[in-house]
Structures are given as structure tokens and as C-alpha cells.
Amino acid sequence: MKTTKSRALFNAAKKIIPGGVNSPVRAFKSVGGDPLFIKKGKGVILEDVDGNYFVDYVLSWGPMILGHAHPSVLKAIIKAAKRGSSYGAPCHDETELARLIVQAVPSIEQVRLVNSGTEAVMSAIRLARAFTKRDSILKFEGCYHGHADHMLVKAGSGIATLGIPDTPGVPKAFARQTLTAPYNDIITTEKLIQKHAKDLAAIIVEPVAGNMGVVPPSDEFLPWLRMITKKYGILLIFDEVITGFRVHFGGAQARFKVMPDLTCLGKIIGGGLPIGAYGGRKDIMQMIAPAGPVYQAGTLSGNPVAVAAGIETLRQLKKPGVYKELERKSKAIAEGLGEAAKEARIPYYQTRVGAMLGGFFSGSPVTDFASAKKSDTTKYAIFFHGMLRNGVYVAPSQFEAMLLSTAHSDSKIKHTISAARKVFKML
Ligand SMILES: *Cc1c(COP(=O)(O)O)cnc(C)c1O
């Protein structure tokens, strides 16, 4: 595969952008090699600057559920941009997107638009702290909630210890306000809650973990979280930035029928443009300024072009049969990959919730971060580069999801499975 032009662009970028990329995972660090520079995306096909073509299963890490440059989304973007790209004053489409979100996501009564998932989480946590008048939060190991200080925290040694910074630059005092527990682990979580109940403002969770590979919740996990948080007056926050409008039109909460107090959204609701949102119970949301005292603001929040792309994306997704078809295709590709791994006798633990797929190079079940980390990342790197050579772009990390869009055709899926069959045999 020729990558001369990508390499030249990467070298030029590295001189003036730290690491040559504007978000770390794009740099291929965990699989080795240099990132490909993309020239164009259309439907499910990415074309790089050297003229290589790939079937895309990263989808910009989630937003492109209709595929790239979807004609009607493109039309909505152009139409909106012609009317000016930002006013700093309210416009009708903001209410329209809010209405679509409130209608779709069962627990959201009011919603505030922001510019990224990170911002949504950061704001929801401030709100939870203000509402409960408590300072601590609890998150789960391996769940990603954006890069705000109090979320870049890992577990200290032993479950009794409070969080420690996971990156330089996060004050220890901030990290100490964040407790971490293993995903799906009710016993450990309950112990932590009992010890810290009086100071816990919120528990935040990815209702389907999508940032340690795909790890579904056990049947009891989410209903139990709902029960225990209610019992102790702790707010339950679902971070649905990736699951929202992906595993179900109403998000994971509609799929699993568990209602959080607050929900964070992003990715799909912007149709590929920068956006985020947080929403929930009206009595809580009414605390946000200017309705209430909790400050949160944004120059470009509710941006008319992003909002137009989001509205059109949600309208397309609302059409009958869309999620049934996504489910059918996701099942087909999961089965195909599973059979291919079996044929090649490769240990490959598969997970899937709707159009979110996980494939861990591991012989044992993955239920949390510790078990996910048992995966053979060297095998994954070989798999990744092998798939690239065969025209398939999967995530450049074992610990990311494989995502499907409505634009993945049966023939592209077939191509992907036969590429995987070839690559698995090399492992
Ligand atoms: C992507 C993601 C975020 C962060 O969103 P950004 O728009 O990248 O800031 C937060 N939470 C989850 C679950 C995500 O998948």
C-alpha cells in the first residue's frame, strides 16, 4: 500500500501540531505506523491522499451513522450556512433539535446544547454537584467521559482509595473527588457508595461501555445503579455520547428501559459537526443559568449549522425500519467475523449491542477494564494493518468500537468478512 503522501503530510503536521494530530488516538500509537491522511469520505468509503480506498468502521468515532457526506445532511448544512454560520442569538432550529431530542430520549425533559461530549459531561457534573450540594462523583474504570479534569482519573491502589490523576496537569485535589469502580461490579460499587454516600453527587456511566472496546452492561448492572442511586439521593448520569441514537433511537436508556436523571449526548446529534448536549429532569435542568444559578455558557453553543446537520440526521434515523436494518447488518458482520476467527482458530471474544461491535483478541470473557486489558494488542495491531491492506479501516486500537452505519451495504460487509478471513489466517 502506497502511503508516501500521507507520510509527507504527517511529517509536515508534526512540525507545528503536537504529535501531528488534533486528537491523540488518530496517531496510530497503539497499532504502530503513521496515520493516513484522508482526502474524502463518501458513504462508507474513505479515500486517503495516496488514492487508497477503505470501508470505514470508525465513522469519525461515532457521528457518521448515515455514512459520510449523506446527501440530505449535506443539503441541510449548505442551506443553513448560507443564512450565516453563527449569530450569538437564539434561532428556531435550536428548539427543533431540542424537541427531537426530548421526544426521542425518554428521560430528557429539558436539554441544553453545547459543543462537544466533553463539555456536556463537564456541565452535567457541575449541575449534579449544585443540585445535590455534594462534591464527589463515581465513575467506572475504562469508561471514557471526555477530557475534563475530574474525569481523567484512575483508581488508586485498593478499592478504599480515592482517584489519582491519569494525566499530568490534573490537580490531586480534583482527582480525589472522583471514585472509580470496576464496570459491572455491583459488590465493589456498593461498598464505595456505602462509604461515601453522603458526599456522592453523581454516578456517571456509559450504559454500554464503548471506550475500552465494547463492553455491554450485565442484566442487573443498570437497574441496580438506578435503584442504589435513588436510595442514597445520588444522581445517575448516563453518558450516551456514543450510545445515543446508535443502540436505539432513544439511546441505551430506551433499549434497556432504565431512566437516568441526566443524560449526556454528542456525536450523532451533530451529524458530523461539533456538538454536545446534556439534559434530563426538568427540576434539575431548571437550575442552569439563566433559568437558575448554575453558570454554563458557550459562544457557539446551538450553532445553526451544526444544529441543522443534527436535525436532518435525526429525521433520517426516525424513518421506520432504520434500526431494524442496522441490527440485521450488525448481526451479519459480527457472525461473519466470528466464523472467520473460528476457522483460523484465533481466540476472539465478541461483544455487540446494536451497531456497536467489540472483538477482543482474548480467550476469556470481557466484562470490565481488567478483562479487556487481557487482550493481545500485538495481534490486534497485525489485524489492523492487515485489514487496512485489504481495504478496511477499523479503529487503530483494540480498545475502541467497530461501528456500523446505514450506508454499509451487504456487499461491503461481505468484502469485510472475506478480508478478515484472510487476515485472521495470518495471525
Ligand atoms: C466521544 C465520547 C465523549 C467525548 O466527546 P467529545 O465530543 O470527543 O468531547 C464522552 N463520552 C463518551 C462516552 C464518548 O464516547
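Our subject is the structure listed above.
What you see is a predicted model, and the numbers here were worked out from it, not measured in a lab. (Residues numbered from 1 in each chain as written. Predicted model: local features only at pLDDT ≥ 70, side-chain atom pairs only at ≥ 80, totals over all residues. Heavy atoms only, no water.)

**Student:** Mind showing me how you'd approach the sheet that holds strand β11 (residues 262-266) here?
**Tutor:** The strands that make up a sheet are held in pairs by hydrogen bonds between backbone atoms, and each pair lies either parallel or antiparallel. Within the open sheet, the seven strands sit side by side as β4-β12-β11-β10-β9-β5-β8. Their pairing is mixed. This sheet does not close on itself; its edge strands, each paired only once, are β4 (110-114) and β8 (178-182). The average undirected angle you get between the axes of adjacent strands in this sheet is 20°. Relative to strand β9 (residues 200-205), strand β5 (residues 136-141) runs parallel, the two sharing three bridges. When the sheet's bridge partners are listed, S136 is paired in β9 with L200. The strands that helix α6 (residues 186-196) touches are β5, β8 and β9; relative to β8, the one it contacts most, it runs at about 155°. (Pairing = 2+ DSSP bridges. Helix = DSSP H or I, 4+ residues; strand = E, 2+ residues; numbered from the N terminus. Axes fitted to C-alpha atoms, helices over the stretch in contact; angles between N-to-C directions. Contact = heavy atoms within 4.5 Å.)

**Student:** What should I look at first to understand the sheet that holds strand β14 (residues 356-360) in this one?
**Tutor:** Across the sheet, which stays open at both edges, the three strands sit in the order β13-β14-β16 with antiparallel pairing between neighbours. The sheet is open, and its two edges are formed by β13 (349-353) and β16 (402-403), each paired on a single side. Two strands pair when backbone bridges link them, and β14 and β16 are joined in this way by two bridges, in the antiparallel orientation. Counterpart to L357 in the pairing with β16 is M402. Sheet strands touched by helix α11 (residues 322-343): β13, β14 and β16. Its angle to β13, the strand with the most contacts, is close to 180°.

**Student:** How should helix α1 (residues 4-16) be read in this particular structure?
**Tutor:** An α-helix turns once per 3.6 residues; consequently, residues spaced three or four apart project the same way. Buried within α1 are the following residues: S6, F10 and A13. With its buried residues spanning 65° around the axis, α1 presents them on a single face. Facing away from the buried side of α1 by more than 90 degrees, the exposed set consists of K15 and I16. (Buried < 20%, exposed > 50% of the residue type's maximum accessible area, 1.4 Å probe, protein only. Arc of directions from axis to C-beta.)

**Student:** Help me understand the nonpolar core, please; the structure alone is not making it clear to me.
**Tutor:** Within soluble globular proteins, side chains that are nonpolar generally end up buried alongside one another. Counting 69 residues, the largest nonpolar core has Y57, I101, F245, L317, I333, V394 and F424 as its most contacted members. Summarising the domain contributions, this core has at least three residues from each of domain 1 (4-69 + 321-426) and domain 2 (71-317). Each residue touching I101, except ones within four places of it in the same chain, is listed here: I108, V111, L113, L265, I269 and L314. Listed in part, the 27 residues of the second largest apolar core include M212, V215, F238 and A372. (Core = buried A, V, L, I, M, F, W, Y, C linked by side-chain atoms within 4.5 Å. Domains from an automatic or database assignment.)

**Student:** Is there a simple way to think about the pairing of β9 in this case?
**Tutor:** Remember that side chains alternate between the two faces of the sheet whenever the strand is regular. Of all the six residues making up β9, six are buried; the element is thus mostly covered by neighbouring parts of the structure. As judged from the four bridges shared by β9 and strand β10 (residues 235-239), these two strands associate in the parallel manner. When the sheet's bridge partners are listed, I204 is paired in β10 with I237.

**Student:** When you look at the side chain of D48 in this model, what are you seeing that I'm missing?
**Tutor:** Note on placement: D48 falls in strand β2 (residues 45-48). Buried charge without a partner: D48 forms no salt bridge, and the closest opposite charge is K39, 7.9 Å away. Of the polar contacts made by the side chain of D48, one reaches the backbone nitrogen of D50; its length is 3.0 Å. Not counting residues up to four positions away in its chain, the partners in contact with D48 are L36, F37, I38, K39 and F54. (Lys, Arg positive; Asp, Glu negative; His and termini not counted. Salt bridge = Lys/Arg side-chain N within 4 Å of Asp/Glu carboxyl O. Polar contact = N/O pair within 3.5 Å; in protein donor to acceptor, adjacent residues only side chain to side chain.)

**Student:** Even after reading the chapter, I still don't get the pairing of β11, so can you show me in this structure?
**Tutor:** Among the five residues of β11, five are classified as buried, and the element is accordingly described as predominantly covered. Residues L262, C264 and G266 line one face of β11 and the alternating positions T263 and L265 line the opposite face, and both faces are buried. Bridge analysis of β10 against β11 gives three bridges, and the strand direction is parallel. Bridge pairing in β11 places F238 opposite T263. Here five bridges tie β11 to strand β12 (residues 276-280), and the two strands are oriented antiparallel to one another. Its bridge partner being in β12, G266 is matched across the sheet by G276.

**Student:** Just checking my understanding: could you explain the pattern of salt bridges for this structure?
**Tutor:** Where side chains of opposite charge bring their charged atoms close, a pairing between them can arise. Summed over all chains, the structure comprises 15 salt bridges. We note a salt bridge from R83 to D93, for which the minimum N-O separation is 3.9 Å. Taken together, the positions of R83 in the loop between α2 (71-82) and α3 (92-104) and D93 in helix α3 put the pair ten residues apart, joining distant regions of the chain. As a salt-bridge pair, R328 and E325 come within 2.7 Å of each other at their nearest N and O atoms. Here R328 and its partner E325 are both found in helix α11, three residues apart, which amounts to about one turn of the helix.

**Student:** Explain the packing of aromatic side chains here, please?
**Tutor:** Aromatic ring pairs are defined here through the distance separating the ring centres and the angle between the ring planes. For the structure shown, the criterion picks out 15 aromatic pairs. Where F361 meets Y380, the ring centres are 6.0 Å apart and the plane angle is 70°; that geometry is what we call edge-to-face. Of this pair, F361 sits in the loop between β14 and α12 (369-372) while Y380 sits in helix α13 (residues 377-389); the two residues are 19 residues apart in sequence, bridging distant segments of the chain. Y380 carries the same exposure label as F361, and that label is buried. For the pair F361 and F424, a centre-to-centre distance of 6.1 Å together with 65° between the ring planes defines the contact as edge-to-face. Here the residue F361 occupies a position in the loop between β14 and α12, and F424 occupies one in helix α14 (residues 410-426), the gap between them amounting to 63 residues. Given a relative accessible area of 3%, F361 falls into the buried group. Taken together through their ring pairs, the aromatic side chains of Y348, F361, Y380, F383 and F424 make up a single cluster. (Phe/Tyr/Trp six-rings, centres within 6.5 Å; stacked < 30°, edge-to-face > 60°.)

**Student:** I'm lost on the site of the ligand in this one. Help?
**Tutor:** Lining the immediate surroundings of the ligand are S116, G117, T118, Y144, H145, G146, E206, N211, D239, V241, I242 and K267. N211 is positioned such that a nitrogen or oxygen atom in its side chain is 3.2 Å from an oxygen atom of the ligand. Within the side chain of D239, a nitrogen or oxygen atom sits 2.7 Å from a nitrogen atom of the ligand. Coverage of the ligand by the protein amounts to 83% of the 380 Å² it exposes when considered alone. Among the residues forming the shell around the ligand, the class breakdown is three nonpolar, six polar and three charged. (Near = heavy atom within 4 Å. Areas by Shrake-Rupley, 256 points an atom, 1.4 Å probe, with all protein chains shown as cover. Nonpolar A, V, L, I, M, F, W, Y, C, P; charged D, E, K, R; others polar.)

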